Every structure is written in structure tokens, then in C-alpha cells.
Amino acid sequence: MKRYEALAADIAASIRSGLLKPGERLPSVRRASASRHVSPATVFEAYYLLEAQGLIHSRPRSGYYVAAQPRALPLQPEAASTPDSEARPVEVSEMVFDILRSAMSRDVVPLGSAFPSPLLFPLERLGRVLANSATHMDPWSTVDELTPGSLDLRRQIALRYLLDGVRVSPDDIVVTNGAMEALNLCLSAVCKPGDTVAVESPCFYVCLQALEQLGLRAIEVATDPREGIDLDALEAAVVRHKPKACWVMTNFQNPLGSAMPADKKRALVALAARHQLPLIEDDVYNELYFGARRPVPSKSFDDDGWVLHCNSFSKTLAPGYRVGWVTAGRFGHQIARQKLTASLATSIPVQLALARYLERGSYERHLRGLRATLEAQRDAYTTAIAEHFPTGTRVSRPCGGYFLWVELPPGCDSLALWRHAMAADISLAPGPMFSASGAFRNFVRINAGHPCDARTIAALRTVGRLAR
Ligand SMILES: Cc1ncc(COP(=O)(O)O)c(C=O)c1O
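Residues numbered from 1 in each chain as written. Predicted model: local features only at pLDDT ≥ 70, side-chain atom pairs only at ≥ 80, totals over all residues. Heavy atoms only, no water.

Peer 1: What is the right way to read the overall build of the chain from this model?
Peer 2: Within the chain, the regular secondary structure consists of 16 helices and 15 strands. Relative to a compact globule of 468 residues, whose C-alpha radius of gyration would be 23 Å, the chain shows 22 Å and is just as compact. Relative to its 468 residues, the chain shows a buried fraction of 58%. Total accessible area computed for the chain in this model is approximately 19600 Å², and 54% of it derives from carbon and sulfur atoms. If you average the places of the 53 positive and of the 47 negative side-chain charges in the chain, the two averages end up 5 Å apart. (Helix = DSSP H or I, 4+ residues; strand = E, 2+ residues; numbered from the N terminus. Rg over C-alpha atoms; globule rule 2.2 N^0.38 Å. Buried < 20%, exposed > 50% of the residue type's maximum accessible area, 1.4 Å probe, protein only. Areas by Shrake-Rupley, 256 points an atom, 1.4 Å probe, with all protein chains shown as cover. Lys, Arg positive; Asp, Glu negative; His and termini not counted. Charge placed at Lys NZ, Arg CZ, Asp CG, Glu CD.)

So this is what it looks like as C-alpha cells:
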């Protein structure tokens, strides 16, 4: 048992024995760290784990409390994936395009969508800031704010890194058209066609599509549903296949929802440095945490510059504005050049609007509301799935983001389920979308980023019936 697991088990025993009562506040992280003689990071990991088990919950800016009624939650997927350790060309695009195309209609219940409800974002307010910034922008900014992007926005982004204790200069940041462009630039900067890239198993299908488009091979690495990529398996793959990069999500992985403990992130970065392996960190969900503290990126341990950290505002503030960024360590120069040739720049009025919005300080308040909504939706979706899906279904319990990874009973075919669900105007993201080898046949990813209203519950009931 790891230290945080032992601590969590100890607290769980106190809750179950009634020593800690429903509604009671747990000691602050600092106090627990001092009294238990463990690091604050260990206490955080233990509290996250207890939260994932439904035994405690966090209240913003107040701390952690014993859950009023510790609920019987569905079991979570437990086993780490077991990919075959072969490097293979990627061919997922046709399937992924078919599945995505079929879901692009408001008449379809978006359980398979990758986007949260657009109504969760302060779009009216942003629109006003955008109109104002565009009207009053310095005409010369259209010339001198090309790549690497608006200095005001890069300053605001650098300030957010500082919240995690990561010192990034605005000069180290390249603004991009969403995280997707950032991730593609990273791949192009460190790989050439025919090279191999280590990816998680399962991983975000757009990662697989990007590899396919660039003619890269994927080596899928075993990944734990709670703690992310298996470092021993990754090291073995690095030694055997000499990949030119590793694409990884350390926080609220899509689709698993896994979050790497801080010590594991540190070890991951050390592994990357040891093997001189560029680590492309896709961190688009890091702001959507449900606990008391934002999880740090692995970038925060990157003394040697092997981490290319990619992020965006698409999931947290401004979907559709298409603004992301990359801070690429030792690859910064190549990335800036790649960006220039790929798209010259990112929309300047939009960058200025985001910079003004961030300067006004409303972002934190918006994020607090967004996180609370997403956490409540996670619980509502989980309850509905537990009620309507077949016995034996397992559901992940992520501590951030808005995806649930659902393991259906063995023999249940998620591609067939998707076809039947689509006939009833319900989209799903079947497991094989997330694998270069077609694995995860009895898994689906469910998007809990939309309100769990009557239409959603009816859709979950239908999917449960179809699965049965
Ligand atoms: C894991 C992951 N990475 C990257 C992206 C793309 O982000 P953006 O919309 O900023 O390009 C998404 C969007 O769905 C995502 O889920």
C-alpha cells in the first residue's frame, strides 16, 4: 500500500466506525500533514481518494467534510489496461469521423460528445469584452502580436502557472489555435513520419488521429484507471521501441478521468529526462478539479525542459474562441517556427479579449461555479447509471473533468450499443475509439458535462436497456 492509500484507509476506517461523524470537518491538509508525519501532497492524494470513494467531499475554500450519507457507489473500473506492447500504425480516423459526424446535431442527446454544455460559460460577458477590445485595439497589434502571440495574454497565462509554483516566462509561451494546434505542433517538432510515439491505453481519440495524420506509429502503454500511465511499462516501451515522444494526460485523463499523484508526475519527468524523451503533456482539464487544490502539471517538475505543456481555454472559459498555448521547454524555438509556418498567428482580437477578461479577475469566480456544477453533474450521472445500467457495470469516479469511463459487463459490445443508441438519437463514445488496437470493446465514455435533466435520464435509461 502506498502512503496515501494507507492514510485514506485509516480515515475510511474512522468514518465507518463512526469515530468521524457525517458532516464533520477533516483536519486541514497542513494539520493532517504535521500530525501524521506525511507530506501535504500525501494528504491531498488521500483526500482525493476518499472523495472518489464517496466518503468525504470538499467545500470550496472551506476544506473537506465527511459525507452526510456515505453512498453505496457503483464499483469503479480497477484493472490497468494490458496493451500488447507492439508499435503499430494508427487507423482510427474513419471510425472516429463516423461516430463524431453522427453526433453533431442538437436533436441527439450528447452522451458521446467531448464538449460540456456551452451554456456553462460566460459567453455574453466575454462577447462584451471582445467587442470592446476589438474596437479599441491598437492597429499595430495586428502586426506586432503575431507568433508567439499577445504579450498581455502570455503574461496572464504565465501568472496562472505561478499559482502552481511553475516559473514560466511569457517568452516561453506560444499562443495557438486551441490545444489541438499546440499538440500537433509538438508532435511535428519532435517526430518525423514513421517514428513511434508512446501513448496511454486508452487515450483521447484525437491524439490517435493526429498520429495517423502525421504518419506516426503508436505504442500503447498500460494505464491505471486511477493513477494514469504505468511508469514501469512506459520505461520498458521506451527501452524497446525508442519512441520519439510520449503524449500523456496527467490530470483528469480523457477518457479515464485518472489523475497522477504528484510523486508519480515527478518520477515521470525524471524518466523523460533520463531517456531524453520529449513529454507532450495535454493538460486541458487541469482547472476543472473538484478538490480543494488545483493539481500541478508534470511541467512543475521539469528542470531540464523535456516537458511540452499544452493547454487551452476551450474547456474552462471560451469554447469556440480556439485559444490555447504551449510552453515547450527546450523545444520552444522549434515550436515558434512551426507555429509561424502552420498558421502565422492566432486571432488577435480574441487573444486581447481573453487577456482583458483574465486581468479583470472574474476567471476564478467563474471556475468555482463551473467546478461545483460539474461535480454535482458527475454525481447525478453516476446515480442514474447505477440505477439503469446492467448489474456488474462499473463507473469511474473522477475528481475533475466531466467524463465517466463506464465498464459494461463482459460480452457487452459498445460499438453495437452505439449503433442502437444512435438509432434512438443518443450519442455515445464507444471504447474502441480510444485505442489504436481496437481494445475496450465493453467500455463507453459518457459525457457528464450537460445538465442531468429528464431528457438525459431518459437517454441513460434507454442505453441501460439496450446494454441489457
Ligand atoms: C484531451 C483533450 N485534448 C485536447 C483537446 C482539444 O482542445 P482544444 O479544443 O483547445 O483544441 C480536447 C478536446 O476535446 C481534449 O479532450
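Still to come is the rest of the account.
Peer 1: It is not clear to me how helix H7 (residues 151-163) should be interpreted in this structure. Could you clarify?
Peer 2: In an α-helix there are 3.6 residues to a turn, and that puts residues three or four apart on one side. In this model H7 runs 19 Å from its N-terminal to its C-terminal C-alpha over 13 residues, within 8% of the 18 Å that 1.5 Å per residue would give. Of all the positions in H7, only Leu153, Arg154, Gln156, Ile157, Ala158, Arg160 and Tyr161 are classed as buried. Contact partners of the buried residues in H7: strand S4 (173-177), strand S10 (307-312), strand S11 (323-327), helix H13 (348-359) and helix H14 (363-388). Note on H7: the residue one or two positions beyond its end, Gly165, has a positive phi of about 75°. (Expected span 1.5 Å × (residues − 1). Contact = heavy atoms within 4.5 Å.)

Peer 1: Please explain the site of the ligand as it appears in this structure.
Peer 2: The environment of the ligand is formed by 15 residues, the closest being Asp282, Tyr285, Ser312, Ser314 and Lys315. In this structure, an oxygen atom belonging to the ligand sits 3.0 Å away from a side-chain N or O atom of Asn254. Considered on its own, the ligand offers 390 Å² of accessible surface; in the complex 95% of this is hidden by protein. Element by element, the count of residues in the shell around the ligand is highest for helix H8 (residues 178-190), at four residues. (Near = heavy atom within 4 Å. Polar contact = N/O pair within 3.5 Å; in protein donor to acceptor, adjacent residues only side chain to side chain.)

Peer 1: Looking at this model, I keep getting lost on the sheet that holds strand S13 (residues 403-407). Mind explaining?
Peer 2: Sheet strands associate in pairs through backbone hydrogen bonding, adopting either a parallel or an antiparallel arrangement. Strand order in the open sheet made by the four strands is S12-S13-S15-S14, with antiparallel pairing throughout. Taken across any chain shown, the strands that pair with only one partner, and hence form the sheet edges, are strand S12 (394-395) and strand S14 (429-430). In the sheet, S13 pairs with strand S15 (residues 443-447) via five bridges, with the strands oriented antiparallel. Across the sheet, the residue bridging to Glu407 is Phe443, located in S15. Packed on one face of the sheet, H14 meets S12, S13 and S15 and runs near 20° to S13. (Pairing = 2+ DSSP bridges. Axes fitted to C-alpha atoms, helices over the stretch in contact; angles between N-to-C directions.)

Peer 1: When you look at the pattern of salt bridges in this model, what are you seeing that I'm missing?
Peer 2: Side-chain pairing between opposite charges can occur once the charged atoms of the two side chains come close. By the definition in use, this model includes 24 salt bridges. Linked by salt bridges that have partners in common, Arg160, Asp164, Glu287, Arg294, Glu364 and Arg371 make up one network. (Salt bridge = Lys/Arg side-chain N within 4 Å of Asp/Glu carboxyl O.)

Peer 1: Just checking my understanding: could you explain the packing of H8 against helix H12 (residues 332-343) for this structure?
Peer 2: At their nearest, the axes of H8 and H12 sit 9 Å apart, and the two run at 115° to each other. Between H8 and H12 lies a crossing of right-handed hand. Along its contact with H8, which presents Glu181, Leu185, Cys186, Ser188 and Ala189, the element H12 presents Gln334, Ile335, Gln338, Lys339, Ala342 and Ser343. (Left-handed = near helix turned anticlockwise from the far one by under 90°.)

Peer 1: When you look at unusual backbone geometry in this model, what are you seeing that I'm missing?
Peer 2: Glycine aside, a negative phi is what most residues show, and trans is what most peptide bonds show. A cis amide bond links Thr147 to the next residue, Pro148, at an omega of 15°. Mapped onto the elements, Pro148 comes out in the loop between helix H6 (141-144) and H7. In this structure, Pro202 follows Ser201 across a cis peptide bond, with omega equal to 5°. Here Pro202 shows up in the loop between strand S5 (196-201) and helix H9 (205-213). Here Leu344, not a glycine, exhibits a phi torsion of approximately 65°, which is positive.

Peer 1: Honestly, the side chain of Lys265 in this entry has me stumped. Any pointers?
Peer 2: Within the secondary structure, Lys265 sits in helix H11 (residues 262-275). Glu281 is the oppositely charged side chain nearest to the buried, salt-bridge-free Lys265, at an N-O distance of 6.1 Å. Excluding residues within four positions of it along the chain, Lys265 makes contact with Thr250, Asn251, Met260, Pro295, Val296, Pro297, Ser298 and Phe301.

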